[in-house]
Amino acid sequence: MKNIVKAAGISLVVISSSFFANAAEAAQKVGYIGTSYIVQNMPQREAIMSKLQGELKDDRAELDRISAAIQTKAQKIERDGALLGDDGIQKLKIEISSLQAEGKIRQDAYQKKAKALEYKARNETLSLIQKAVEKIAKKEGFDMVIDAQSLQYSKPELNLTEKVLAELK
């Protein structure tokens, strides 16, 4: 989730910085928001995170199953090694190696899927915030809204963070 907050802040800074130079030239009403604060406190955050975890649940369970199988076979070698003989131990070691290879492939796929879902969740979050910001800015007559991270100083009455949070509820 920290990556989402960082990406949201950076995205808004980049977008807003291109407009900031023009704001200095013209008398415009400029507001600001704390994007990271909004992301952390928005009511939709839990739903988005639950959805993300739900989509990864089956993959995580499969990784746990493979890990448990590896551990069980390793314990069997340790516990019953003398009874199994060299052939039995070798067979279990081959099975463990096979499970480890499968686990590595599934772990890589899991991480790739998790990153894609995180990117999708970040975009969904930013889209919700953007819509709320646009609505508040239009309603209150703001020409521009930038992220608080790019500010050195601003009047507190130009802070739209709580109004955006209220709009998201």
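Before reading on, note that the structure itself is shown above.
Here the structure is a predicted model, which means the values were calculated and not measured.

Asker: I would appreciate a short explanation of the overall build of the chain in the present structure.
Answerer: Looking only at helices and strands, one finds four helices and two strands in the chain. Put simply, the chain runs from its N terminus to its C terminus through helices and strands in the order α-β-α-α-β-α. Counting the 169 residues in the chain, one finds 33% classified as buried. Once local pairs closer than 6 in sequence are excluded, the contacts in the chain between residues at least 24 apart make up 86%. By element, 54% of the accessible surface of the chain is carried by carbon and sulfur atoms, the whole surface being about 11,100 Å².

Asker: Explain the pairing of strand β1 (residues 30–33) to me, please; I cannot follow it from the model alone.
Answerer: Regular strands have side chains that alternate between both faces of the sheet. Residue alternation in β1 divides its side chains into two sets, Val30 and Tyr32 and Gly31 and Ile33, and both sets are buried. Bridge count between β1 and strand β2 (residues 144–147): four bridges; the pairing is parallel. Following the sheet pairing, tyrosine 32 is matched in β2 by isoleucine 146.

Asker: I'm lost on the nonpolar core in this one. Help?
Answerer: In summary, soluble globular proteins display a tendency toward joint burial of nonpolar side chains. Membership of the largest hydrophobic core comes to 15 residues, with the highest contact counts inside it found for Ile33, Ile38, Ile129, Val145, Leu160, Val164 and Leu168. Elements represented by at least two residues in this core include exactly α2 (35–41), α3 (44–140) and α4 (161–168). Not counting residues up to four positions away in its chain, the partners in contact with valine 145 are Gly31, Tyr32, Ile33, Val133, Ala137 and Leu160.

Asker: I would appreciate a short explanation of the packing of aromatic side chains in the present structure.
Answerer: By convention here, two paired aromatic rings are described through the distance between centres and the angle between planes. This structure, assessed with the given rule, holds zero aromatic pairs. Looking at lysine 29, its charged tip hangs above the ring of phenylalanine 142, at a distance of 4.5 Å from the centre. For arginine 60, the ring lying beneath its charged end belongs to tyrosine 110, and the centroid distance is 5.4 Å.

Asker: Looking at this model, I keep getting lost on the pattern of salt bridges. Mind explaining?
Answerer: Pairs can form between side chains of opposite charge once their charged atoms are near each other. Under the criterion given, the structure shown has 11 salt bridges. Residue glutamate 102 is joined to arginine 106 by a salt bridge in which the shortest nitrogen-to-oxygen separation is 3.1 Å. Placement of both glutamate 102 and arginine 106 in helix α3 is noted, with a separation of four residues, approximately one turn of the helix. With its nearest N and O atoms 3.0 Å apart, the salt bridge here joins lysine 135 to glutamate 167. In this pair, lysine 135 is assigned in helix α3 and glutamate 167 in helix α4, connecting sequence segments 32 residues apart. On the basis of relative accessibility, which here comes to 48%, the residue lysine 135 falls in the partly exposed class. Using a relative accessible area of 26% as the deciding quantity, one classes glutamate 167 as partly exposed. Each of Glu62, Arg65, Glu102 and Arg106 takes part in a single network of salt bridges with overlapping partners.

Calculation notes
Residues numbered from 1 in each chain as written. Predicted model: local features only at pLDDT ≥ 70, side-chain atom pairs only at ≥ 80, totals over all residues. Heavy atoms only, no water. Helix = DSSP H or I, 4+ residues; strand = E, 2+ residues; numbered from the N terminus. Buried < 20%, exposed > 50% of the residue type's maximum accessible area, 1.4 Å probe, protein only. Contact = heavy atoms within 4.5 Å. Areas by Shrake-Rupley, 256 points an atom, 1.4 Å probe, with all protein chains shown as cover. Pairing = 2+ DSSP bridges. Core = buried A, V, L, I, M, F, W, Y, C linked by side-chain atoms within 4.5 Å. Phe/Tyr/Trp six-rings, centres within 6.5 Å; stacked < 30°, edge-to-face > 60°. Lys NZ or Arg CZ within 6 Å of the ring centre and 35° of its normal. Salt bridge = Lys/Arg side-chain N within 4 Å of Asp/Glu carboxyl O.

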